[in-house]
Structure formats: C-alpha cells, structure tokens
Amino acid sequence: MAETLKKGTPAGTGRGLPIPADAPALVIDGLVVEHRNRTTGEVFRAVDGVSLRVGAGESSAVVGESGSGKTTLALAAIGLGPRTGGDVRLLGHELASLGRRRLRKLRPEVQVVFQDPHGSLDARQSVRSGLRELRGLQRERTAWIDDAGLLDRVRLSPDLLDRYPHQLSGGQAQRVCIARALLMRPRLIVADEPTSGLDVSVQADVLALLREVRESTGAALLMISHDLAVVRSVCDSVHVMRNGRAVESGPCETVFTDPADGYTRELLAAMPGARWRARR
Ligand SMILES: Nc1ncnc2c1ncn2[C@@H]1O[C@H](COP(=O)(O)OP(=O)(O)OP(=O)(O)O)[C@@H](O)[C@H]1O
Ligand SMILES: [Mg+2]
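The shown structure was predicted, so the numbers you read here are calculated from the model rather than taken from an experiment.

Right, let's talk about the site of ligand 1 for a bit. Surveying the vicinity of ligand 1 reveals the residues H35, F44, A46, E65, S66, G67, S68, G69, K70, T71 and T72. Between ligand 1 and the protein, one listed contact pairs an oxygen atom with a side-chain N or O atom of K70 at 2.7 Å. Within the side chain of T71, an N or O atom sits 2.9 Å from an oxygen atom of ligand 1. Protein burial of ligand 1: of its 640 Å² of free accessible surface, 57% is covered by the chains. Of all the secondary-structure elements, those providing two or more residues to the shell around ligand 1 are β2 (43-54) and α2 (70-77). Ranked by residues supplied to the shell around ligand 1, first place goes to α2 with three residues.

See below:
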C-alpha cells in the first residue's frame, strides 16, 4: 500500500464494498498508535487514546503543533498507517475486521489530498495519462464526467491536460490532486495540510475549492492543519491535539470563541491577527 501513498490518491480496484446508507464516514474510539525505534527498541506513543467522529457529509478538523500526531492519526484511521489499539469504523466497516482485499475495495470511497501536490503526482505522467490510469482502475465509478469537465470543476483549463507535473504551479498541481480525488466520487476526503505547501496567494482559492467540492458531492472531510484560520473557514468541528492526545473537541464556533483548554487558547492567541482574547 505504500506506493499509493507516494503517488496519487489511493484508487483501489474492482467493485466497492456496500456502505450502509446512514453510516458515519469515520468513527474513532480510543485510537492508539505506537512507533518502535528500531535501534533502541524504545516505544513512542504518537497517538494516545484519541476518539472522534465525522458524520456522513460532515467536515471535521484535527489541529495541533508539528509532531502532535495528526498525520499518524489520519493514516491509521483510513488503514494506511499502523494501528496499535482502539477501534476504527470507516464508512460503517470495522477496520480491524476488514482484510486487505476488502479494505482495498473500500479505497475509492476514501481519497487523500496531501500537503505536497508535486510529490503526490507521478512525474512521468501527464495529467491526462494519470486520469486515464485512474479511469482504467475504476471504469464505472469514473464514467460520470469527462476529463475536460473534471478540470472545469476544479477551475483548470483543459489545456493543462497534456502537461506534466513539473509544468504545473503548486496551486495548479493541488487542483489536479483534488480533481483526481473528486473523480472517484468519494464518501470521505482526508486533506493533510492541503494548502501549507502553496503560495499564500493561492491558498484561499484551493480552500474554497475543497469546500465547494465537499458541498457539491456530499463527501465528508477530515482536514488536518496547524492553521486555525484554515480550519475555521472550512470545517464544522475541530479536535485539538497535543502530544498524541485530543485536548479539546467541539464545534468550531464553540472552540474558537470559548476555548476550554489552555493549549487551545495558546494556539488561538498565536494566530496572526488573532482577535480572540481570554475571557477567564
Ligand atoms: N514511522 C515512524 N517511526 C517513528 N516515529 C514516527 C513515525 N512516524 C511519525 N513518528 C513520530 O510520531 C510523532 C507524530 O508524527 P506526525 O507525523 O503524526 O505529526 P504531525 O502532527 O502530523 O506533525 P506535522 O504537523 O509536522 O506534520 C512525531 O514525533 C514523529 O516523529
Ligand atoms: Mg503531519
């Protein structure tokens, strides 16, 4: 599975798994992920008992400083990274009881947008041939739109279809990544710092696009970010992580206007142009 992590969003093959109509996109209960240092044998707990829920079509964020365990949590939650303990239900399926084959069948329903769009795209493939490859893997699922229509959905000119990744700007490359995710009509999009590798001038556009894609497709979104302003503009709820633990969770409005945890208050105070001031 590691190769799908490096190049493009995981596509999966064949027929999908049935997904119960009312299934939440993601339910995590007491997730623990430990990494073992191969040299010293020491065990490091990167995720330490985190619980969260993203309902169908909802958008939820995980925020926290670098190294707090956000990416580890997200990868474990979608079966792309190791899981030491706890329960994960992905689109109504218990991850622990899904074998590799059944997990692969669930793959197209869960699309990932990574921080570095150029690193996510295969440098040897034009945009068109990359899309052709995805279509070959998922014929029925991807037949709903043609390439030009798809690029139009992410506001890119069809002229870009014959370009290679190095001929795209960061913002254009991230739009291509979002288009590739959109092509699969996923139920859940995981976006790991989708704008932090981009020029500030295009960040807002890419966020607006993600929001629009989510609303128009009804997909749920799990957004990972260290940038609270990003989270507030896109997500309904937020989970604040520190040292592998969720120190505060709730609707964005509540967490941003009346944070209960001291660490959340520190994060908010550090926001550029922060208007939030301690009420206590
Ligand atoms: N494969 C691994 N082996 C050992 N330790 C790891 C591994 N992957 C991550 N870690 C450690 O786990 C912790 C959490 O890492 P993670 O990448 O999840 O953080 P993050 O919150 O996503 O950080 P960032 O904002 O920098 O992306 C870090 O201390 C990291 O060094
Ligand atoms: Mg990360």
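Back to the text.
Below, the discussion takes up empty space enclosed by the protein. Applying the stated rule across the entire model yields two cavities of 30 Å³ or more. There is about 70 Å³ of room inside the largest cavity. Residue lining of the largest cavity: L121, D122, Q125, S126, V127, G130, P165, L168, V176 and R180, and that is the complete set. Of all the secondary structure elements, the ones that give two or more residues to the lining of the largest cavity are α5 (127-137) and α8 (170-183).

Below, the discussion takes up the sheet that holds strand β9 (residues 237-242). Spatial ordering of the open sheet is given by β6-β7-β8-β3-β9-β10, a layout of six strands whose pairing is mixed. Pairing within the sheet leaves two strands with one partner each, and these edge strands are β6 (110-113) and β10 (245-251). Taken over all neighbouring pairs, the strand axes of this sheet differ in orientation by 15° on average, direction set aside. Bridging between strand β3 (residues 59-64) and strand β8 (residues 220-225) involves five bridges; their strand directions are parallel. Each residue of the ladder has a partner; that of S59, found in β8, is L221. Relative to β8, helix α9 (residues 200-217) is tilted by about 155°, and along the sheet it contacts β3, β7 (188-192) and β8.

In the structure shown here, the tally under the stated rule is zero disulfides. Of all cysteine sulfurs in the structure, the one in C235 sits closest to C252, which takes part in no disulfide; the separation is 6.0 Å. By relative accessible area, which is 3% here, C252 ends up buried.

What follows concerns the pairing of β3. Within a regular strand, side chains alternate between the sheet's two faces. Where burial is concerned, most of β3 is hidden: six out of the six residues are buried. By the alternation rule, side chains of β3 split into S59, A61 and V63 and S60, V62 and G64, which are all buried. One ladder, built from five bridges, connects β3 with β9; its direction is parallel. Bridged to V63 within β9 is V240.

Strand order in the open sheet made by the four strands is β2-β1-β4-β5, with antiparallel pairing throughout. Strands with a single pairing partner mark the edges of an open sheet, and in this sheet they are β2 and β5 (93-94). In terms of strand pairing, strand β1 (residues 26-36) meets β2 through nine bridges, oriented antiparallel. Directly across from H35, in β2, lies its bridge partner F44. Here α2 sits on the sheet and contacts β1, β2 and β4 (85-90); the angle it forms with β1, its principal contact strand, is near 120°.

This brings us to unusual backbone geometry. You will see that L91, though not glycine, has its phi angle at about 50°, which is positive. In this fold, L91 is placed in the loop between β4 and β5. Judged by its relative accessible area of 2%, L91 falls in the buried class. For E193, which is not a glycine, the phi torsion comes out positive at approximately 50°. Structurally, the position occupied by E193 is in the loop between β7 and α9.

Rules and cut-offs
Residues numbered from 1 in each chain as written. Chains lettered and ligands numbered in written order. Predicted model: local features only at pLDDT ≥ 70, side-chain atom pairs only at ≥ 80, totals over all residues. Heavy atoms only, no water. Near = heavy atom within 4 Å. Polar contact = N/O pair within 3.5 Å; in protein donor to acceptor, adjacent residues only side chain to side chain. Areas by Shrake-Rupley, 256 points an atom, 1.4 Å probe, with all protein chains shown as cover. Helix = DSSP H or I, 4+ residues; strand = E, 2+ residues; numbered from the N terminus. 1 Å grid on protein atoms, 1.4 Å probe; cavity = no way out; pocket = protein on both sides within 12 Å on 5 of 7 lines; lining within 4 Å. Points joined across faces, edges and corners; volume = space filled by probe spheres on them. Pairing = 2+ DSSP bridges. Axes fitted to C-alpha atoms, helices over the stretch in contact; angles between N-to-C directions. Contact = heavy atoms within 4.5 Å. Disulfide = S-S within 2.5 Å. Buried < 20%, exposed > 50% of the residue type's maximum accessible area, 1.4 Å probe, protein only.

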